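# Fold and contact review
In case you want the letters, here they are:
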Amino acid sequence: MADKNSILKISTENAEFQILSALKSNRTKRSQTNEVFVEGTESIKQLIRANWEITRIVFLEGKKLSDWAESILKRYSHVRRIRMSENIFTKLSEKENPAELILTAKIKTHTLEGVEYKKNPVYLLFDRPSDLGNFGSILRTADAFGISAVFVMGHSIDVYDPKVIRSSLGSLFHTKLILIKSTDQLENFIQAEKIKNGLFVVGSDSTGKSTLGHIELCPPILIILGNEAKGMSVYLQSICDEIVNIPMFGTVNSLNVASAGSILLWEAVKNINPSILH
């Protein structure tokens, strides 16, 4: 039996390489194994800080590693460690200049039932997100502002795609990210939150009747962002207490959804503690 602390050496595109390649590019494989593919120093740091379970550590054969990378190999000596030859490591990497390490990890899943009570919560719901970069960017904002949870509804991009992780700078690992499975599930949550703390549901649309600045976004609140091309679904519009537009003064009449979401989240968060404005 091989020593569990031994390092596997790979120089060909064998079965282990194929698994790693599938985790990088194949949504179905990520779902089946409940694993993510993580590359980039900051993303790896955040993965470790969030205490996700690491399943593999891949590093380049023949390259002197930094003290940081060596410390990770030492700290996780119980994890499957793979030394990979340069030609296939470069092929596996998503980056033009590959980082020192590539990791895989088990996905931490969250449910609506597991959302803990928090005074003045700010929730964000993204309807059918279709752009990986936009979704990663809004996760960075959600983390920066301490958003209670991020919900995703409808057919969408894979929220655990490596491009989402990279564009979120690892914020995904700190986000309570919840996939809404049905309208009934969402409605039950909203009704319970309305009874418990008076949740206010606000949608964002350029045709919204209320203008941001004329209406305050006060927690407890659920902010809904529509799909990049199609906006909010008719159903989600129907459950909003208000639909707001963001006033603009230039020629273009709409904002990137990540930019719009950041503005709305800030407007809500600043009302939790107005002293941050002074």
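Structural data are supplied above this passage.
Residues numbered from 1 in each chain as written. Predicted model: local features only at pLDDT ≥ 70, side-chain atom pairs only at ≥ 80, totals over all residues. Heavy atoms only, no water.

## Focus: the packing of aromatic side chains
Note the following rule: Between the rings of Phe, Tyr and Trp (Trp by its six-membered ring), a pair exists once the centres lie within 6.5 Å; its type follows the angle of the planes, with under 30 degrees stacked, over 60 edge-to-face, and the other angles tilted. Think of it in three bands: residues with accessible area under 20% of the maximum for their type are buried, residues over 50% are exposed, and the middle band is partly exposed, with areas taken using a 1.4 Å probe on protein chains only. Numbering of helices and strands runs from the N terminus, with a helix taken as a DSSP run of H or I at least four residues long and a strand as a DSSP run of E at least two residues long.
Scanning the entire structure with this criterion turns up six aromatic pairs. Between Phe126 and Phe135, the aromatic rings sit 5.9 Å apart at their centres with planes inclined by 45°, giving tilted as the arrangement. Like Phe135, Phe126 is buried. Taking 5.4 Å as the distance between ring centres and 85° as the angle between the ring planes, the aromatic pair formed by Phe151 and Phe189 counts as edge-to-face. Taken together, the positions of Phe151 in strand β7 (residues 149-153) and Phe189 in helix α8 (residues 183-197) put the pair 38 residues apart, joining distant regions of the chain. Taking the relative accessible area as the measure of exposure, Phe151 reaches 0% and is therefore buried. In this structure an aromatic cluster arises from ring pairing among Tyr123, Phe151 and Phe189.

## Describing unusual backbone geometry
Residue Pro220 is reached from Pro219 by a cis peptide bond, and omega for that bond is 0°. Here Pro220 lies in the loop between β10 (210-211) and β11 (221-225). The backbone phi angle of Asn34 is positive, close to 60°, even though this residue is not glycine. Checked against the element boundaries, Asn34 lands in the loop between α2 (27-33) and β2 (35-39). The exposure class assigned to Asn34 is partly exposed, which follows from its relative accessible area of 30%. Look at Leu169: it is not a glycine, yet its phi comes out positive at around 55°.

## A closer look at the sheet that holds β2
The cut-off we apply is this: Two strands make a pair as long as DSSP finds a minimum of two bridges between them. Simply put, an axis is a line fit to the C-alpha atoms, just over the touching stretch for a helix, and the angle between two N-to-C directions goes from 0 to 180 degrees.
The mixed open sheet is built from five strands, whose spatial order is β1-β4-β3-β5-β2. At either end of the open sheet lies a strand with only one pairing partner, and these are β1 (7-10) and β2. Geometrically, the sheet is characterised by an average inter-axis angle of 20° between neighbouring strands, direction not taken into account. Direction of pairing for strand β3 (residues 54-60) relative to strand β4 (residues 80-84): parallel, over a ladder of five bridges. Residue pairing across strands places Val58 opposite Ile82, the latter belonging to β4.

## Some words on the sheet that holds β10
The cut-off we apply is this: Note on contacts: a residue pair is in contact if any heavy atoms of the two residues lie within 4.5 Å.
An order of β8-β7-β6-β11-β9-β12-β10 is seen for the seven strands of this open sheet, with the pairing classed as parallel. Because the sheet does not close on itself, it has two edges, and the strands there are β8 (177-180) and β10. Pairing analysis gives five bridges linking strand β6 (residues 122-127) to β11, with the strands arranged parallel. Within the sheet, the bridge partner assigned to Leu124 lies in β11 and is Ile223. Contacts between helix α10 (residues 257-269) and the sheet are confined to β6, β9 (200-204), β11 and β12 (242-245), with β11 contributing the most and set at about 170° to the helix.

## Looking at the pairing of β7
What counts is decided by this rule: Here a crossover is taken to be right-handed if, once the strands point away from the viewer, the path from the first strand over the helix to the second is traced clockwise.
The buried count for β7 comes to five of five residues, which makes it a mostly enclosed element. Every second residue of β7 is oriented toward a common face, with Ala149, Phe151 and Met153 on one face and Val150 and Val152 on the other, all of them buried. Here β6 pairs with β7 via five bridges, running parallel. Directly across from Tyr123, in β7, lies its bridge partner Ala149. Taken together, the four bridges between β7 and β8 define a ladder with parallel strand orientation. Along β8, the bridge assignment pairs Met153 with Ile180. The parallel pair β7 and β8 is bridged by helix α7 (residues 162-167), and the resulting crossover is right-handed.

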